[in-house]
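Listed below, chain by chain, are the residues.
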Amino acid sequence: MARTVDIGARRYRFDDLRTLLAKASPPRSGDRLAGVAAQSHEERVAARMALAELPLVELLEAPVVPYEDDEVTRLIVDEQDAPALAPVRSQTVGEFRDWLLSDAATASTLTSLAPGLTPEMAAAVSKLMRNQDLIAVARKIRVVTAFRNTIGLPGRFSVRIQPNHPTDALAGVSASIVDGLLLGCGDAVIGVNPATDSPARAAELLRALDDLIERYAIPTQSCVLAHLTTSLEAIEAGAPVDLVFQSIAGSEAANRSFGISLALLEEGREAAQSLRRGSVGDNVMYFETGQGSALSAGAHHGCDQQTMEARAYAVARRFAPLLVNTVVGFIGPEYLYDGKEIVRAGLEDHFCGKLLGVPMGCDVCYTNHAEADQDDMDVLLTSLGVAGCNFIMGVPGADDVMLHYQSTSYHDALYLRAVLGLRPAPEFERWLQRMEILDEAGRVRPRLNEPSAARRLLIADLDRGGEGK
């Protein structure tokens with residue numbers, strides 16, 4: 001499928017789909033590291049011109065990773081819903097972009113279209129879009145999931161409490177959780193990244209989280225972000241597992257580097273669903289992704305990192321997760337060098353995930369050696385809020401003291417809810433009101449403003465370091 005484009009006296013040739021997609025990608029350090037990026041702005045424009053003329057069906061007929069070599073490709077091709085794609089099947093990538101931005105692409109039509117789209121289609125059209133285009137289309141799409149509360153509804157915006165501790169000390173973890181609850185956060189999940197992958201420590205954390213949720217009847221879910229096999233051991237031992245976590249990527253080889261396969265993911269989902277711990281739904285998986293993960297594992301098959309990231313969303317879609325979180329700036333500046341690249345990647349990931357029917361959240365973050373700061377994160381945070389992102393992270397002080405990177409704080413979430421008129425998940429919002437954490441206008445009450453008896457208990461938990469009664 002070689003394509004050529006003439007600009008002035010110069011002819012640019014793109015020999016295959018991988019090359020075309022990579023050369024059309026916005027600049028990023030990971031693609032430069034992999035040696036697949038456009039060598040000039042003019043070459044990038046030429047690639048986009050060629051990509052705009054490419055029929056969508058060619059992206060289905062010529063996957064970027066061969067069918068016979070990769071179980072993710074087989075999943076993409078075998079589960080593609082041909083009738084769902086029919087309304088846009090005859091379009092080129094450029095025509096598809098124009099259609100997505102038109103009034104014809106409504107929330108319902110986009111939801112119906114999602115099963116027919118492949119990740120390569122989503123990645124390709126995103127490369128022709130400005131940031132505002134990514135925001136405008138993503139805002140139309142709602143992907144709603146449920147476990148003990150309902151996430152992704154219009155006008156709602158959720159927060160994962162991320163109460164990590166360098167030694168998994170229960171007092172420190174619990175204090176961070178209670179602090180977040182008192183600031184109206186925690187409706188997406190209370191999710192702890194354990195300092196080790198010890199099954200015993202994971203079970204201890206799971207019991208502590210479950211005790212807090214049960215004690216205050218909080219309509220939310222917990223997760224210990226250990227490896228899937230550790231969660232399976234915990235389930236076998238009788239630990240109270242709500243959500244099963246796993247990092248995933250866009251190729252079989254990259255997933256193998258994480259120690260997983262599609263069959264193991266299915267085993268994890270079935271095990272979690274067998275516990276029947278949800279009250280309003282049974283979406284039991286929590287996945288995390290990130291541009292650069294396939295490249296860092298040497299499993300990118302010569303593809304650009306954004307296309308490989310979109311392929312991870314096909315894996316996620318297969319297992320109907322409650323949450324998918326692109327940890328956008330976490331892998332480091334080798335893959336996303338500065339604030340501009342991180343902002344662009346976050347908007348691409350959110351757009352592609354939602355276009356494919358995945359419940360997207362974003363860890364708006366960066367490492368301390370990246371050329372980025374909190375002002376850059378404010379731009380991405382606000383843009384994602386406008387785009388209808390399902391959830392972000394709530395980290396005490398926005399500084400994760402265990403993983404050593406910068407994310408978003410509980411106060412950042414309150415800012416976004418305030419300026420955009422967003423509210424927590426409905427079941428969680430009602431709990432916050434019963435606890436008198438929120439006032440009649442939906443604002444967080446000052447902690448010393450005549451707290452209710454239930455709210456005093458939470459404050460007492462915080463003062464004692466979360467040790468409970």
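Structure: see above.
To start, this report covers the structure provided alongside it. This one's a predicted model, so the numbers in the text were calculated from it and none came from an experiment.

**Focus on the sheet that holds strand 11 (residues 360–363)**
And then number 1: Taken in spatial order, the 4 strands of this open sheet run 8-9-10-11, and their pairing is parallel. At either margin of the open sheet sits one strand with a lone partner, and together these are strand 8 (244–247) and strand 11. The average undirected angle you get between the axes of adjacent strands in this sheet is 25°.
And then number 2: Note: strand 8 against strand 9 (residues 285–289), 4 bridges, orientation parallel. Counterpart to V244 in the pairing with strand 9 is M285.

**Looking at the pattern of salt bridges**
And then number 1: Counting across every chain of the model gives 29 salt bridges.
And then number 2: One salt bridge in this structure joins D98 and R97, with 2.9 Å as the shortest N-O distance.
And then number 3: Exposure remark for D98: the relative accessible area of 46% places this residue in the partly exposed category.
And then number 4: D133 is the salt-bridge partner of R97, the closest N and O atoms lying 3.0 Å from each other. Taken together, the residues span a long stretch of sequence, with R97 in helix 7 (residues 93–101) and D133 in helix 10 (residues 131–140) at a distance of 36 residues.
And then number 5: Judged by relative accessible area, which is 22%, R97 ranks as partly exposed.

**Considering empty space enclosed by the protein**
And then number 1: As enumerated under the stated definition, the model contains 2 cavities of 30 Å³ or more in all.
And then number 2: Taken as a whole, the largest cavity holds about 50 Å³ of empty space.
And then number 3: Elements represented by at least two residues in the lining of the largest cavity include exactly helix 16 (293–296) and helix 17 (305–318).
And then number 4: Looking at side-chain class alone, the lining of the largest cavity contains 5 nonpolar, 6 polar and 1 charged residues.
And then number 5: Space inside the second largest cavity adds up to approximately 40 Å³.

**What to know about the sheet that holds strand 7 (residues 222–224)**
And then number 1: Spatially, the 4 strands line up as an open sheet ordered 7-6-5-12, and their pairing is parallel. Pairing within the sheet leaves two strands with one partner each, and these edge strands are strand 7 and strand 12 (391–394). If you compare each strand with its neighbour and ignore which way they point, the axes differ by 25° on average.
And then number 2: As judged from the 4 bridges shared by strand 5 (residues 158–161) and strand 12, these two strands associate in the parallel manner. Bridging from a neighbouring strand, R160 pairs with M393 of strand 12.
And then number 3: Each of strand 5 and strand 6 (189–192) is contacted by helix 11 (residues 170–182), which is oriented at about 165° to strand 5, the strand it contacts most.
And then number 4: Sitting on the sheet, helix 12 (residues 199–215) is in contact with strand 6 and strand 7, with an inclination near 165° to strand 7.

Criteria and thresholds
Residues numbered from 1 in each chain as written. Predicted model: local features only at pLDDT ≥ 70, side-chain atom pairs only at ≥ 80, totals over all residues. Heavy atoms only, no water. Pairing = 2+ DSSP bridges. Helix = DSSP H or I, 4+ residues; strand = E, 2+ residues; numbered from the N terminus. Axes fitted to C-alpha atoms, helices over the stretch in contact; angles between N-to-C directions. Salt bridge = Lys/Arg side-chain N within 4 Å of Asp/Glu carboxyl O. Buried < 20%, exposed > 50% of the residue type's maximum accessible area, 1.4 Å probe, protein only. 1 Å grid on protein atoms, 1.4 Å probe; cavity = no way out; pocket = protein on both sides within 12 Å on 5 of 7 lines; lining within 4 Å. Points joined across faces, edges and corners; volume = space filled by probe spheres on them. Nonpolar A, V, L, I, M, F, W, Y, C, P; charged D, E, K, R; others polar. Contact = heavy atoms within 4.5 Å.

All quantities given are derived from atomic positions and should not be read as evidence of function.
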